[in-house]
Amino acid sequence: MITKKIRLGNPQEALQLLGEQDAALRQMEREYGVEIFLRQDIHSSEMQLSIKGNTSRVDKALRRIREKLATVRRAELSATPPQPSFEPLNLNAPPLPEDGVYRSAYGQVVRPRTPNQKSYVEAIAKTELVFGIGPAGTGKTHLAVACALRALEARRVTRVILSRPVVEAGEKLGFLPGAFIEKVDPYLKPLYDAFYGLLGPERFRLWRDTDVIEIVPLAYMRGRTFNDAFILLDEAQNTTPEQMKMFLTRMGHGSRVVVTGDVTQSDLSDKAASGLVRVAEILKDVEGVAFHKLTEEDVVRHPLVRKIVRAYEDWSRKK
């Protein structure tokens with residue numbers, strides 16, 4: 001018995017090679033009498049396909065996989081990038097008020113509600129890389145999503161890229177069944193919620209299916225560059241310093257990046273090793289980068305949320 005490995009470039013490549021819910025992978029296992037496993041290195045995020053079996057069968061399967069992979073990669077190189085098709089919502093709606101950021105599919109105007117939120121929105125408009133750091137309920141993600149949609153409809157960007165580190169919040173969920181998008185779906189639901197509220201479910205699904213809005217778990221960003229895009233990284237306190245560096249270097253020409261997080265709610269085993277904490281020290285003097293801190297005074301959820309945030313902060317100070 002031997003095992004041979006082949007490196008894959010990205011999750012899209014893996015999906016085309018292995019099929020929905022790994023159907024093509026299982027077919028190759030039956031056809032060649034081998035075992036095939038897809039693995040990802042937790043440190044480098046590198047994806048590898050391992051083929052296990054006797055030598056002759058493994059060699060045959062490996063040749064077949066390499067042929068399919070070469071075909072997939074040639075198709076990617078020769079393909080003409082699809083032109084996104086989108087238009088502003090509510091074409092007959094009145095103009096936005098002066099402090100408005102975006103008008104939702106339901107006619108509601110998204111606007112900053114505190115002076116600090118207003119400064120945050122202004123920073124996103126003026127700066128190519130913005131970090132929004134603050135406790136839950138301060139509008140970090142919601143306002144960033146509204147700014148992203150405004151930039152998209154104004155044709156300042158051609159697509160929106162959404163990412164989140166796939167980290168469980170204090171409890172182990174175990175193995176999740178299904179294809180790639182079904183496995184990461186639970187981790188990305190909070191981002192979906194923001195878009196449902198602004199675009200409506202149907203428009204969100206349409207733009208997601210045509211890659212106008214692309215959902216990319218952080219672990220699958222390596223090797224990609226995003227040009228003319230509005231890139232949003234949410235829950236950044238759960239990134240490692242290496243992941244944060246990898247994410248920030250995905251930024252291409254004509255793109256804007258917003259990173260949001262709450263350094264008090266890290267789910268990493270070593271909270272001091274958060275990429276969001278480290279990046280504030282590394283990039284604090286870099287021109288073109290803005291760090292914007294929101295506080296309990298900016299909490300706009302249920303009034304009790306502000307009291308909860310304040311109570312936790314008081315308790316931390318006493319400890």
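Basis of the calculations
- Residues numbered from 1 in each chain as written.
- Predicted model: local features only at pLDDT ≥ 70, side-chain atom pairs only at ≥ 80, totals over all residues.
- Heavy atoms only, no water.
- Pairing = 2+ DSSP bridges.
- Helix = DSSP H or I, 4+ residues; strand = E, 2+ residues; numbered from the N terminus.
- Axes fitted to C-alpha atoms, helices over the stretch in contact; angles between N-to-C directions.
- Expected span 1.5 Å × (residues − 1).
- Buried < 20%, exposed > 50% of the residue type's maximum accessible area, 1.4 Å probe, protein only.
- pLDDT = per-residue confidence, 0-100.
- Contact = heavy atoms within 4.5 Å.
- Phe/Tyr/Trp six-rings, centres within 6.5 Å; stacked < 30°, edge-to-face > 60°.
- Polar contact = N/O pair within 3.5 Å; in protein donor to acceptor, adjacent residues only side chain to side chain.
- Arc of directions from axis to C-beta.
- Salt bridge = Lys/Arg side-chain N within 4 Å of Asp/Glu carboxyl O.

Trainee: Hey, could you run me through the sheet that holds strand 9 (residues 229-233) in this one?
Mentor: In any sheet, the strands associate via hydrogen bonds between backbone groups, in a parallel or an antiparallel arrangement. An order of 8-7-9-10-6-11 is seen for the six strands of this open sheet, with the pairing classed as parallel. Pairing within the sheet leaves two strands with one partner each, and these edge strands are strand 8 (213-215) and strand 11 (289-293). Pairwise comparison of adjacent strand axes, ignoring direction, gives a mean angle of 15° for this sheet. Bridge count between strand 6 (residues 129-133) and strand 10 (residues 256-261): five bridges; the pairing is parallel. Its bridge partner lying in strand 10, L129 is registered against V257.

Trainee: For this particular structure, what's the right way to read helix 5 (residues 140-153)?
Mentor: Along an α-helix, residues three or four positions apart point the same way, because every turn accommodates 3.6 residues. Compared with an ideal rise of 1.5 Å per residue, which puts 14 residues at 20 Å, helix 5 spans 20 Å between its outermost C-alpha atoms and is within 8% of the ideal. Counting buried positions along helix 5 yields 12 of 14 residues, so the element is predominantly enclosed. Here helix 5 has its buried residues at K140, T141, L143, A144, V145, A146, C147, A148, L149, A151, L152 and E153.

Trainee: Quick question: what am I supposed to make of the confidence of the model for the chain here?
Mentor: For residues with low pLDDT, the predicted coordinates do not support detailed interpretation. For the chain, the average pLDDT comes to 80, and 82% of its residues sit at 70 or higher. Considering only residues more than four positions removed or in separate chains, one finds that residues 168-177, a stretch of pLDDT under 50, has 13 contacts.

Trainee: Got a minute to help me understand the packing of aromatic side chains in this structure?
Mentor: The description of an aromatic ring pair rests on the distance of the ring centres and on the angle between the ring planes. Tallied over the entire structure, the rule returns three aromatic pairs. Arranged with centres 4.5 Å apart and planes meeting at 10°, the rings of F131 and F291 form a pair that is stacked. Of this pair, F131 sits in strand 6 while F291 sits in strand 11, and the two are 160 residues apart along the sequence. Assessed through its relative accessible area of 0%, F131 is described here as buried.

Trainee: How should the side chain of T141 be read in this particular structure?
Mentor: Checked against the element boundaries, T141 lands in helix 5. A distance of 2.7 Å separates polar atoms of two side chains, one belonging to T141 and the other to D234. With residues near it in sequence (within four places) discarded, T141 still touches L191, L232, D234 and T260.

Trainee: Explain the sheet that holds strand 3 (residues 47-53) here, please?
Mentor: Strand order in the open sheet formed by three strands is 1-3-2, with antiparallel pairing between adjacent strands. Every other strand in the sheet has two partners, leaving strand 1 (2-8) and strand 2 (35-40) as the edge strands with one partner each. Ignoring which end each strand starts from, the neighbouring axes of this sheet average 25° apart. Inspection of the sheet shows strand 2 paired to strand 3 by six bridges, in the antiparallel sense.

Trainee: Hey, could you run me through the environment of S104 in this one?
Mentor: Here S104 shows up in the loop between strand 4 (102-103) and strand 5 (109-110). You can call S104 buried: its relative accessible area is 1%. For S104 and L149, which are 45 residues apart along the polypeptide, the C-alpha to C-alpha distance reads 9.7 Å.

Trainee: Can you help me understand the environment of V279 in this one?
Mentor: Looking at where V279 falls in the secondary structure, it is placed in helix 9 (residues 275-282). When the C-alpha positions of V279 and M244 are compared, they lie 7.6 Å apart, and in sequence the two are 35 residues distant. In this view, V279 contacts F131, M244, L248, K284 and F291; residues no more than four positions away in its chain are not counted.

Trainee: Before we go on, may I ask you to explain unusual backbone geometry in this structure?
Mentor: Glycine aside, the phi torsion of most residues is negative, and most peptide linkages are trans. Positive phi, close to 65°, is recorded for R155, a residue that is not glycine. A relative accessible area of 48% means that R155 is categorised as partly exposed. Unusually for a residue other than glycine, D228 sits at a positive phi of about 50°. Counting through the fold element by element, D228 comes out in the loop between strand 8 and strand 9.

Trainee: Would you mind going over helix 1 (residues 11-18) with me for this structure?
Mentor: Within the span of helix 1, buried status applies to P11, E13, A14, L17 and L18. The buried side chains of helix 1 occupy one side of the element, clustering within an arc of 155° when seen end-on.

Trainee: Quick question: what am I supposed to make of the pattern of salt bridges here?
Mentor: It is possible for side chains bearing opposite charge to pair when their charged atoms get close. Applying the stated criterion to the full structure yields nine salt bridges. Residue R159 is joined to E214 by a salt bridge in which the shortest nitrogen-to-oxygen separation is 3.3 Å. Taken together, the residues span a long stretch of sequence, with R159 in strand 7 (residues 159-163) and E214 in strand 8 at a distance of 55 residues. Put simply, E235 and R164 hold a salt bridge, and the shortest N to O gap is 3.1 Å. In this pair, E235 is assigned in the loop between strand 9 and helix 8 (241-248) and R164 in the loop between strand 7 and helix 6 (180-199), connecting sequence segments 71 residues apart. Residue class for E235 comes out partly exposed when judged on its relative accessible area of 27%. Because the salt bridges share partners, they merge into one network encompassing R159, E214 and R224.

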